[in-house]
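Survey of secondary and tertiary structure
Spelled out from the first residue to the last, the chains are:
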Amino acid sequence: MRAPMGLDLRPKALDDPLTLRARRVHEVEGRGGRLFTLLQAAQTKGPIFWILPAYVPEGPMLWGLPQGMAERLHLVRAKGETDLLWATEEALRSANVGAVLAEPDKPLSLTAGRRLQLAAEAGRTLGLMLIRQGQGSNATETRWSCAPLPNPAVLADADSTLHRWSLIKNKSGTLGDWTVRWNGASAAFHLVSKAGERPGLAPPPL
């Protein structure tokens, strides 16, 4: 962490809870889930696949994505749940893919979750599943609940938004909550200091 007020989410320390482990599938729920997955995917290298059900009318606004992401994004519309899971698994197995985002319409079974985990391990790919509340798989590495927050007056900034990221399932560590701020111009989020903390420079790395 460069400073108490900011955190660059590019993959660094493996014990950083806000840096999702590659070769794993993670689940995200809540109104802020899409932004969370896009910002995590933006930290990877290589093509990014976003797999949606065919009936979903809206799609990403390319000019609103983090810088450099639109050129790497491939949008796939699956006709049914079977096709969606198949496309997700195949994309995860591809070694040249940086991240795979998928939005399943139905709850993920334990079998489906395990197949996706194995595919992510084989392709060394980051998997991000946008799910409805209560529709996750027990096989997932982590599960996050994400929601936008109102900007308090002290942090009022027309060019930034606040979000709450809650880690509610974690196979490899503890749970937690983080309030983060995004300026809308890059893929970097910044932690919001707790009341009473003073901003300052972090000590130099050892």
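Residues numbered from 1 in each chain as written. Predicted model: local features only at pLDDT ≥ 70, side-chain atom pairs only at ≥ 80, totals over all residues. Heavy atoms only, no water.

**Quick look at helix α2 (residues 81–93)**
Its 13 residues place the ends of α2 18 Å apart at the C-alpha level, agreeing with the 18 Å of an ideal helix rising 1.5 Å per residue. Inspection of α2 places E81, L84, A87, T88, E89, A91 and L92 among the buried residues, and these make up the whole buried set. On the buried face of α2, the contacting elements are β1 (25–29), β2 (48–53), β3 (73–78), β4 (99–102), α3 (110–123) and β5 (126–130). (Helix = DSSP H or I, 4+ residues; strand = E, 2+ residues; numbered from the N terminus. Expected span 1.5 Å × (residues − 1). Buried < 20%, exposed > 50% of the residue type's maximum accessible area, 1.4 Å probe, protein only. Contact = heavy atoms within 4.5 Å.)

**Details of the pairing of β4**
Neither face of β4 is exposed, since A99 and L101 on one face and V100 and A102 on the opposite face are all buried. By the bridge criterion, 4 bridges tie β2 to β4 in an arrangement that is parallel. When the bridges of β4 are listed, I48 appears paired with A99. Where β4 and β5 come together, 4 bridges link them in parallel fashion. Considered in β5, the bridge of L101 is made with L128. Viewed along the sheet, the connection from β4 through α3 into β5 turns out right-handed. (Pairing = 2+ DSSP bridges. Right-handed = clockwise from strand over helix to strand, strands pointing away.)

**Here we look at the confidence of the model for the protein chain**
Mean pLDDT over the protein chain stands at 80; residues scoring 70 or higher make up 76%. Mean pLDDT values over the elements of the protein chain span from 63, in strand β9 (residues 189–191), up to 97, in β5. Here residues 1–14 scores under 50 on pLDDT; set against residues more than four positions off or in separate chains, the count is 39 contacts. Here residues 195–206 is modelled with pLDDT under 50, and outside its nearest four sequence neighbours on either side it reaches 8 contacts, counting other chains as well. (pLDDT = per-residue confidence, 0-100.)

**Here we look at the pattern of salt bridges**
Tallied over the full model, the rule gives 7 salt bridges. Between E141 and R21 there is a salt bridge; the shortest N-O distance is 3.2 Å. Highlighted residues: E141 in the loop between β5 and β6 (142–149) and R21 in the segment before β1, separated in sequence by 120 residues. Ionic pairing is found between R143 and E27, a salt bridge with its closest N-O pair at 2.8 Å. Remark: E27 occurs in strand β1 and R143 occurs in strand β6; sequence separation between them is 116 residues. R143 sits in the buried class, given a relative accessible area of 14%. (Salt bridge = Lys/Arg side-chain N within 4 Å of Asp/Glu carboxyl O.)

**Thoughts on the side chain of E27**
A residue is classified by how much of its surface remains accessible, and E27, at 1% relative accessible area, is buried. At 2.8 Å, the side chain of E27 forms a polar contact with the backbone nitrogen of S137. Apart from the residues within four sequence positions on either side, E27 is in contact with L108, M129, I131, G136, S137, T140, T142, R143 and W144. (Polar contact = N/O pair within 3.5 Å; in protein donor to acceptor, adjacent residues only side chain to side chain.)

**Some words on the packing of aromatic side chains**
This model, assessed by the stated rule, comprises 3 aromatic pairs. Measuring from centroid to centroid gives 5.1 Å for F36 and W144, while their planes differ by 35 degrees, and the two rings are tilted. Of this pair, F36 sits in helix α1 (residues 33–41) while W144 is found in strand β6, placing the two residues 108 residues apart along the sequence. F36 sits in the buried class, given a relative accessible area of 0%. Ring centres of F36 and W165 lie 4.6 Å apart, and the angle between their planes is 85 degrees; on these two criteria the pair is classed as edge-to-face. Note that F36 is positioned in helix α1 and W165 in strand β7 (residues 161–170), a separation of 129 residues in sequence. For the pair F36 and W165, a shared accessibility class is recorded, and that class is buried. A connected cluster of aromatic rings, assembled from ring pairs, spans F36, W144, W165 and W178. (Phe/Tyr/Trp six-rings, centres within 6.5 Å; stacked < 30°, edge-to-face > 60°.)

**Structural notes on the nonpolar core**
Ranked by internal contacts, the top residues of the largest apolar core, which has 24 residues, are F36, A41, M69, L101, W144 and W165. Elements that contribute at least two residues to this core include exactly α1, β2, β4, β5, β6, β7 and β8 (176–182). With residues near it in sequence (within four places) discarded, A41 still touches I48, M69, R72, A99, L101 and L128. (Core = buried A, V, L, I, M, F, W, Y, C linked by side-chain atoms within 4.5 Å.)

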